[in-house]
Amino acid sequence: MTPDKTLMRPRRHFKRGLALAAATVLAVPIAAAVTAQSAGAATTTLRGLAEAQNRYFGTALTDGDLNISGEMNIANVQFDMVTPGNEMKWDTTESRQNSFNFGPGDQIVSWAKSHNARVRGHNLVWHSQLPGWVNSLPGSQVKAAMENHITTEATHYKGQLYAWDVVNEPFNEDGSLRQDVFYNNDGGSAYIADALRTAHAADPGAKLYLNDYNIEGQNAKSNGMYNLVSSLKSQGVPIDGVGLESHFIAGQVPSSLQANMQRFADLGLDVAITELDDRIQLPTNNSNLQQQANDYAAVTKACLNVTRCVGISQWGVDDGHSWIPGTFPGYGAATMYDNNYQPKPAYNSTVNTLGGSNPPPPPPTGGEVHAVGAGKCLDVPNSSTTGGTQLQINTCSGGSNQIFSHTSSNALTVYSGSTQMCLDANAKGTTNGTKAIIWTCNGQTNQQWNVNSNGTITSVLSGLCLDVTGASTANGALVELWACNGGSNQQWTIS
Ligand code: XIL
C-alpha cells in the first residue's frame, strides 16, 4: 500500500499543459465530424432520407431525455417524429380521477414544434401504467371514466398530433383480447370501438391506431389483430392504422414482416413500425452487431416496400438510455447509437437502405494509449495473454500488445480473435491501488471504461482513474486505478 501518493507526484505543470493541449488537438476531429454531419443533414440524416421516400423516421423521448445533450444532439438532427416515452400515459395524465396533468406531454410537443417534427400520441387506453384508481372503480363506472379520459386528453392535444395509439397492447399471445378492466366492464371487445369513436369525436384530425407487440409476423396474435381491424373497418368504426411495436431480438426479425404489413394495408389501413429496437444478448461483438445491422436494414426495407407503411420510430435514441437493459436483463445495445452516442453498424445499414450513402466513419477510437505524463504507451508485458497480467507503460512500439480499441459497450480490448483480452479492474476492485489487468472479455462493469474528454480513462464500476503508479515515467511502471486527481500520470490519449 502506498502511503501518500500525492507526495510522490511532483507537480508537472509543463507536462500537464502538454496533456491539455493534446486533449484539445484530439477533440478537433470529433467536433469536425459532428459539424459535417449537421451540415449535410438534409440528405444524410434518417429523417432527410425518410422524407425523400415520403416517410418519417422517429424516436421516443421522455422529458428526462430532453435534458441530455448527447441524446438531443442526435434527436435534433435525425428524427422528424416523436413519441413521448411515458408522458401521455394514463398514470401521468390522470393519476387521480379527473385531475389532469398535461405538462410533461406538452414539453414533448414543444420539442417537436421547435424541431419541425410531428408527434405520435401514446397512448389513451392501456392495461399498463394505469393508475390504481381505474382498476378499483365499480365496474359500472369504467366506461364513463375511459371515455372521459380519452375525451379530455385528446381534446387537450387536438390538432397537435399526427396520430394516437388509442388502444395499446389489447391482445394476448393467442390472439384473444386481454381481459383487462376495460374489456371486462365495457362490453368485451366493444370497448375498442367505443375508444376509437370517442377519440375521433375529440380530435377528428388525428390518425387513430391500435398498437401491439409480437404482431410483426404472421401468427396467432397478428391474426387476432387482423380479424379485429377487418371487423372495425366493415362496421365503419374510425380506425386509420395498426402499429407494430417491433421490439425484436437480434436475428429474430420475422420473415413474414412485409407480407404481414401488406395484408393490413390491403384492408385500407396505414401501418407503422412504432417502437423499433433490436436487443442483443450481451456482450456485443462484431458478429451480433452485424446481425443487428442486417435486422435494421430488413425492417427498413419491408417498410419501404409497403406503400402504406408511413414510417419507422425507434424506441429511444441510444443504447445508454434505452429501456431494454432494465426490462430484459442480460440484453442491451438495442438501438442504432452506442453508449458514446456513436452510430453503430445498424445506423449505417439503415441509412443505406433508405437510399443514403455510407456516412463518414466515426472518428477512430482505437490505437496506442499514450501515457501523457511519461511519454510512453500502455503495454501488456511480454505480449502476455494470461488473464491477471498487470499492465505497464513501455516505449511506444505500435505492437499489438499496445493497440487497444474502445468498443461500443465501453470495453478496452487488446489483441483480436480468440486471444482478445479486455482491460479489467482486478477482482472488481474499487479502491486505490486496484491493479489494471488483462482478463477474458466478459462485458462486466469492471471491464467498462469511459474515455473522457478531459484526458482521463475512468472505470465505470468505481469512477477511479487509470493511473501510472507513483507517476513513474520508467519502462515497466505498473498501471493501476487511483482516485482522479488531475495528475499527468492519469492523462491518456488514444491515437
Ligand atoms: C416503456 C417505457 O419506455 C419505459 O420507460 C416504461 O417504464 C415502460 O414502458 N410497449 C409500449 C411502450 O407501448 O409504452 C413501453 O414503454 C415499451 C413497450
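This structure is a prediction, so every number in the text was calculated from the model and none was measured.

Trainee: Describe the overall build of the protein chain, and please don't skip the residues or the numbers.
Mentor: Within the protein chain, the secondary structure is distributed over 16 helices and 22 strands. Per-residue burial for the protein chain yields a buried fraction of 46% across its 495 residues. Restricting the contact set of the protein chain to residue pairs at least 6 apart, pairs at least 24 apart contribute 70%.

Trainee: Pulling in residues and values, what's your account of the site of the ligand?
Mentor: Around the ligand sit Gly85, Asn86, Asn168, Glu245, Glu275 and Trp323, and that is every residue in its neighbourhood. Residues of the shell around the ligand, tallied by class, amount to 1 nonpolar, 3 polar and 2 charged.

Trainee: Please provide a residue-by-residue account of the environment of Ala371, values included.
Mentor: The residue Ala371 is located in strand β11 (residues 366-371) in this model. A count of 29 C-beta atoms within 10 Å places Ala371 in the buried class. If near-sequence neighbours (up to four positions away) are discounted, Ala371 is found in contact with Lys376, Cys377, Leu378, Ile393, Val468 and Trp492.

Trainee: Please give an account of the packing of helix α14 (residues 286-305) against helix α16 (residues 345-353) that cites residues and values.
Mentor: For the pair α14 and α16, interaxial distance at closest approach is 8 Å and the crossing angle is 30°. Here α14 lies roughly parallel to α16, going by the angle between them. Once α14 is placed against α16, the crossing between them reads as right-handed. Residues Leu289, Gln290, Gln292, Ala293, Asn294, Tyr296, Ala297, Thr300 and Lys301 of α14 form the contact with α16, whose own contacting residues are Pro345, Ala346, Asn348, Ser349, Thr350 and Thr353. A per-class count over the contact of α14 with α16 returns 6 nonpolar, 8 polar and 1 charged.

Trainee: Give me the lowdown on the packing of helix α13 (residues 257-265) against α14, citing residues and values where you can.
Mentor: It is at 9 Å that the axes of α13 and α14 come closest, and there the two elements cross at 30°. The pairing of α13 with α14 is recorded here as roughly parallel in orientation. Taken as a pair, α13 and α14 cross one another with a handedness that is right-handed. On the side of α13, the interface is formed by Leu257, Gln258 and Met261, while α14 contributes Val299, Ala302 and Asn305. A breakdown of the residues in the contact of α13 with α14 according to their chemical character gives 4 nonpolar, 2 polar and no charged.

Trainee: Now, about α13: what can you tell me, with residues and values included?
Mentor: Every buried residue of α13 is listed here: Leu257, Asn260, Met261 and Phe264. An end-on view of α13 places all buried positions within 100° of arc, on one side of the element.

Trainee: Describe the nonpolar core, and please don't skip the residues or the numbers.
Mentor: In this structure, Trp164, Val166, Ala195 and Ala199 are the most contacted members of the largest nonpolar core, which totals 82 residues. Not counting residues within four places of it along the chain, the set of residues in contact with Ala199 comprises Leu124, Ile150, Ala154, Trp164, Val166 and Leu208. Ranked by size, the runner-up nonpolar core spans 34 residues in total, among them Met421, Cys422, Ile437 and Leu466.

Trainee: Describe in detail the pairing of strand β1 (residues 56-61), supporting the description with residues and values.
Mentor: Counting buried residues in β1 gives 6 out of 6 residues, a clear majority hidden from the surface. Burial of the side chains of β1 extends over both faces: Tyr56, Gly58 and Ala60 are buried on one face and Phe57, Thr59 and Leu61 on the other. Direction of pairing for β1 relative to strand β2 (residues 81-84): parallel, over a ladder of 4 bridges. Bridge pairing links Gly58 to Met81 in β2. Note that the unit made of β1, helix α5 (residues 69-78) and β2 has a crossover that is right-handed.

Trainee: Can you break down the environment of Trp323 residue by residue, with the values?
Mentor: Structurally, Trp323 can be placed in the loop between β9 (309-314) and α15 (324-327). Along the primary structure Trp323 and Asp277 are separated by 46 residues, whereas in three dimensions their C-alpha atoms are 9.8 Å apart. Beyond its immediate sequence surroundings of up to four residues, Trp323 is in contact with Trp315 and Gly316.

Trainee: Any chance you could break down unusual backbone geometry for me, citing the residues and the numbers?
Mentor: A negative phi angle is the norm for most residues apart from glycine, just as the trans form is the norm for most peptide bonds. Residue His122 is joined to Asn123 through a cis peptide bond whose omega torsion reads -5°. Considering the arrangement of structural elements, one finds Asn123 in strand β3 (residues 118-125). The linkage connecting Leu282 with the following residue, Pro283, adopts the cis geometry, with an omega of 0°. Turning to its location among the elements, Pro283 is positioned in the loop between β8 (270-281) and α14.

Trainee: So what about the environment of Val460? Which residues, and what values?
Mentor: Within the fold, Val460 resides in the loop between β19 (457-459) and β20 (465-468). In this structure Val460 comes out as partly exposed when scored by C-beta crowding, with 15 C-beta atoms within 10 Å. Ignoring anything within four residues of it in the chain, the contact list for Val460 reads Asn410, Thr445, Gln448, Trp449 and Asn450.

Trainee: Summarise the pairing of β20; cite the residues concerned and give the values.
Mentor: Going residue by residue along β20, you find Cys465 and Asp467 tucked away on one face and Leu466 and Val468 tucked away on the opposite face as well. When β20 meets strand β21 (residues 479-482), the two strands line up antiparallel, connected through 4 bridges. Across the sheet, the residue bridging to Val468 is Val479, located in β21.

Trainee: Can you lay out the confidence of the model for the protein chain for me, pointing to particular residues and giving the numbers?
Mentor: One rule of thumb: low pLDDT means the predicted coordinates there are not for detailed reading. Averaged over all residues, the pLDDT of the protein chain is 91; the fraction at 70 or higher stands at 90%. Under a pLDDT of 50 for its full length, residues 1-42 has, in the predicted model, 39 contacts with residues more than four places off or in other chains.

Definitions and limits used
Residues numbered from 1 in each chain as written. Predicted model: local features only at pLDDT ≥ 70, side-chain atom pairs only at ≥ 80, totals over all residues. Helix = DSSP H or I, 4+ residues; strand = E, 2+ residues; numbered from the N terminus. Buried ≥ 20, exposed ≤ 12 C-beta atoms within 10 Å, placed from the backbone. Contact = placed C-beta atoms within 7 Å. Near = placed C-beta within 6 Å. Nonpolar A, V, L, I, M, F, W, Y, C, P; charged D, E, K, R; others polar. Axes fitted to C-alpha atoms, helices over the stretch in contact; angles between N-to-C directions. Parallel < 35°, antiparallel > 145°, perpendicular 65-115°, else oblique. Left-handed = near helix turned anticlockwise from the far one by under 90°. Arc of directions from axis to C-beta. Core = buried A, V, L, I, M, F, W, Y, C linked by C-beta atoms within 7 Å. Pairing = 2+ DSSP bridges. Right-handed = clockwise from strand over helix to strand, strands pointing away. pLDDT = per-residue confidence, 0-100.

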